[in-house]
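Results of the structural survey
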Amino acid sequence: MYGNYYNPYGATQQMQQRLANLQQQQQMYQQQMPTMMSPAQPNAYQPVQQIKGRPVTSIEEARAAQVDLDGTSTYFPAPAEGKIYEKLIGMDGLPVFRVYTLQEGGAQKQPVYADNNVVIALQRRIEKLEEQIGGMTNDEHISDDADGSASRKSNGNNAAVRRTKSANE
């Protein structure tokens, strides 16, 4: 009869013993894997970069807007104008203001190349012209300089080669 009564101190001792065992287990687990159980380090957290800005109605509103002094860009889209304004403080401490304009017809024009038949016809025409002026040899060529002017270069054997060709004809 006396053994069945509730002892509040006995229950507290059991809870304290269980708490001590759990704390020991936690310490052993943290020693085995310190990086897994440690809280997140402040330098391990990388903030998400966000674009700063707000819509504006005109270029004057974008020019007058206050921006951060840390050098990060602030963007001001003007949908009615089809433009985006960028404002930032440069390394010299002066404001930098850029305007980006939407270009209609976003596809770039492809270059137009000559038809293969046209190229072949031009090559034949050049060959005929070379025959008419006495022919050109492999050691002589006309090169375009960087400024666009053409100059004739040879190794000095042109006269002998031309005489030989004209003598054989």
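Our structure's up above, just so we're on the same page.
An account of the accompanying structure is given in this report.

What about the nonpolar core?
- Among the nonpolar cores identified, the biggest contains 8 residues, and these are V56, A62, A65, V67, F76, A78, Y85 and I89.
- When residues of this core are traced back to their parent elements, those giving at least two are β2 (74-78) and β3 (83-89).
- Other than its neighbours up to four places away in sequence, A62 contacts V56, F76, Y85, K87 and F97.

Here we look at the sheet that holds β2
- Taken in spatial order, the 4 strands line up as β1-β2-β3-β4 in an open sheet, and their pairing is mixed. In the strand order of this sheet, the two ends are held by β1 (52-53) and β4 (95-101), each with one partner.
- Note: β2 against β3, 5 bridges, orientation antiparallel. Bridge pairing in β3 links T74 to K87.

Notes on the pattern of salt bridges
- A full pass over the atoms with the stated rule returns 3 salt bridges.
- Residues E61 and R54 are paired through a salt bridge, measuring 3.2 Å at the closest nitrogen-oxygen approach.
- The class of E61 is partly exposed, set by a relative accessible area of 29%.
- Residue classification places R54 among the partly exposed positions, given a relative accessible area of 36%.
- When the shortest N-O distance is used, the salt bridge between R98 and E86 registers 3.3 Å. Of this pair, R98 sits in strand β4 while E86 is found in strand β3, placing the two residues 12 residues apart along the sequence.
- Overall, R98 belongs to the partly exposed group, its relative accessible area being 39%.

Quick notes on the side chain of E86
- Classification of E86 as buried rests on a relative accessible area of 4%.
- Polar side-chain contacts of E86 include one of 2.7 Å to the side chain of Y100.
- If near-sequence neighbours (up to four positions away) are discounted, E86 is found in contact with S73, T74, Y75, V96, F97, R98 and Y100.

Cut-offs used in this document
- Residues numbered from 1 in each chain as written.
- Predicted model: local features only at pLDDT ≥ 70, side-chain atom pairs only at ≥ 80, totals over all residues.
- Heavy atoms only, no water.
- Core = buried A, V, L, I, M, F, W, Y, C linked by side-chain atoms within 4.5 Å.
- Buried < 20%, exposed > 50% of the residue type's maximum accessible area, 1.4 Å probe, protein only.
- Helix = DSSP H or I, 4+ residues; strand = E, 2+ residues; numbered from the N terminus.
- Contact = heavy atoms within 4.5 Å.
- Pairing = 2+ DSSP bridges.
- Salt bridge = Lys/Arg side-chain N within 4 Å of Asp/Glu carboxyl O.
- Polar contact = N/O pair within 3.5 Å; in protein donor to acceptor, adjacent residues only side chain to side chain.

By themselves, these figures tell us nothing about what the structure is for.
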